[in-house]
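Inside the fold
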Amino acid sequence: MRRFLIWLAGIFAVCGMASAQEPGTLETRFQETIADLVSSIGRAAPDAPIPVGIGVKVMQIVDVDQQAENFTVVARVRGVWSDPKLGFDPVEVGSTIRRMSLPDFKRFVFENELLAPLATVENVQGRTYTKSSNVVWNEQGDAFFAGEYVLKLQAPDFDFRQHPFDHQNFYIRVLLEAPSTFFQIVSLEDFSGIDPVLGEEEWIVREVWTEVDEAEAIAGWQASRFSLGLRADRHLTYYWMRIFLPLLLLSLVSWANLFLEEYRRRIDIAGANLLAFIAFSFTISGDLPRLGYVTFLDALLMGMFFINAASVAYNVMLRRLSVTERDPQARAIDWHVTYWGYPLISIVLLLVLIFAFL
């Protein structure tokens, strides 16, 4: 493997030096080189791919960053495979098993030009903290890998338009480095899943599943891939008590204000209620995701703000009609708005938002 990498680096260097002199033929040479490599790799593949059992268990969801669209988990990974080329003489080694840390095992594989189902977490973002990683195998070449990691993972599939009634899918994707003609993943269903004590206070995991498919590896060939998927919903108690109930109370105060007969007092109360709504919005702003699109909760807050602002303008208009000796007209308008107009507007707003987002 090391010789192959050195040889490949030499080819890229030669191609880079020749690019200035023969730019027209560089792409052709590169394509031919890649074709030769793919052909050589195909000839080196075993008669049948070696099955590799892989399982992932999520021990804890540490954090979900909605704005950066990533999440951090503590996960345990297991791998099982059998390759007679890993076999050894127990008398020479002095033991019936051999054990190495994962970095040492990688060096052992490269130095002895062996094949091993080395893998990478495809959607990892940032540095990975390794708590433990070891490979153990016996004299027949039956190998077992176990590791525990703290991973920050990309989640480009996050969609928070229905926030806080959204459902999100979390994935951990393990991609083999070798082509699928060398190794094929088999899911370890009995191991894969989540720990009963997950430790995430905001999300409730509703469904867990595994997927095995093929994806393009870093080198460009097709490689086997394992995915652990989690479907989660939010705990809604916080949102009902902290956001929706205060919004309902502010709306009821704004509506109850319309039953007062003195328009000047109405204006004072409506203005105070509007200021209370603005203060409430600033208070909960830190709990809302800062996204490039509008969520259900954003639209609801904006709609309630416009209703409260319109209430102030409406009461000012009634006061103006009253002082210009058009009080009967003001009373007639006010009756319709108070008894069915205001609640109808609020209900229509809520139904439109539900239809548009949920």
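This section reports on the structure supplied with the text. These numbers come from a predicted model, not from an experiment.

The subject of this paragraph is the overall build of the protein chain. Of the regular secondary structure elements, the protein chain holds eight helices and eleven strands. Within the protein chain, the proportion of its 358 residues that are buried is 39%. For the protein chain, the proportion of contacts with a sequence separation of at least 24, taken over those separated by at least 6, is 74%. With an accessible surface of roughly 20,300 Å², the protein chain has 59% of that area assigned to carbon and sulfur atoms.

Moving on to unusual backbone geometry. The general pattern is negative phi for most residues beyond glycine and trans for most peptide bonds. Following histidine 163, the chain continues into proline 164 via a peptide bond in cis, with omega recorded as 10°. Take proline 164: it is sitting in the loop between strand E6 (142-154) and strand E7 (167-176). One non-glycine residue with positive phi stands out, namely glutamate 113, at about 50°. A relative accessible area of 47% places glutamate 113 in the partly exposed class. Despite not being glycine, glutamate 325 has its phi angle at roughly 60°, a positive value. Here glutamate 325 lies in the loop between helix H7 (296-323) and helix H8 (327-357). Relative accessible area serves as the criterion here: at 75%, glutamate 325 is assigned to the exposed category.

Okay, the nonpolar core next. Counting 48 residues, the largest nonpolar core has Val73, Phe105 and Trp137 as the members making the most contacts within it. Top element by residues in this core is strand E1 (residues 50-65). It accounts for seven residues. Not counting chain neighbours up to four residues away, the residues in contact with phenylalanine 105 comprise Trp81, Leu86, Met100, Ala116, Val135 and Trp137. Among the nonpolar cores identified, the runner-up in size contains 16 residues, and Phe277, Phe280, Phe296 and Leu297 belong to it.

Turning to the side chain of threonine 295, a few remarks are in order. Checked against the element boundaries, threonine 295 lands in the loop between helix H6 (263-284) and H7. On the basis of relative accessibility, which here comes to 1%, the residue threonine 295 falls in the buried class.

Turning our attention to the pattern of salt bridges. Across all of its chains, the model carries ten salt bridges by this definition. When the shortest N-O distance is used, the salt bridge between arginine 107 and aspartate 104 registers 2.1 Å. Of this pair, arginine 107 and aspartate 104 both sit in helix H4 (residues 102-111), three residues apart, which is roughly one turn of that helix. A relative accessible area of 45% means that arginine 107 is categorised as partly exposed. Take aspartate 104: its relative accessible area is 34%, and that puts it in the partly exposed class. A salt bridge links aspartate 159 to arginine 161; the shortest N-O distance between them is 3.1 Å. Note on aspartate 159: relative accessible area 35%, which makes it partly exposed. What emerges from the salt-bridge pattern is a single network uniting Arg76, Lys131 and Glu148.

Examined bridge by bridge, E1 and strand E8 (residues 183-187) share five bridges and lie parallel to one another. Across the sheet, isoleucine 50 pairs through a bridge with phenylalanine 183, a residue of E8. Here E1 pairs with strand E2 (residues 70-82) via eleven bridges, running antiparallel. Counted as the bridge partner of glycine 55 is arginine 78 from E2. Remark: four residues form the turn of the hairpin made by E1 and E2, two consecutive strands paired antiparallel; glutamate 69 in that turn has positive phi of roughly 55°.

About the criteria used
- Residues numbered from 1 in each chain as written.
- Predicted model: local features only at pLDDT ≥ 70, side-chain atom pairs only at ≥ 80, totals over all residues.
- Heavy atoms only, no water.
- Helix = DSSP H or I, 4+ residues; strand = E, 2+ residues; numbered from the N terminus.
- Buried < 20%, exposed > 50% of the residue type's maximum accessible area, 1.4 Å probe, protein only.
- Contact = heavy atoms within 4.5 Å.
- Areas by Shrake-Rupley, 256 points an atom, 1.4 Å probe, with all protein chains shown as cover.
- Core = buried A, V, L, I, M, F, W, Y, C linked by side-chain atoms within 4.5 Å.
- Salt bridge = Lys/Arg side-chain N within 4 Å of Asp/Glu carboxyl O.
- Pairing = 2+ DSSP bridges.

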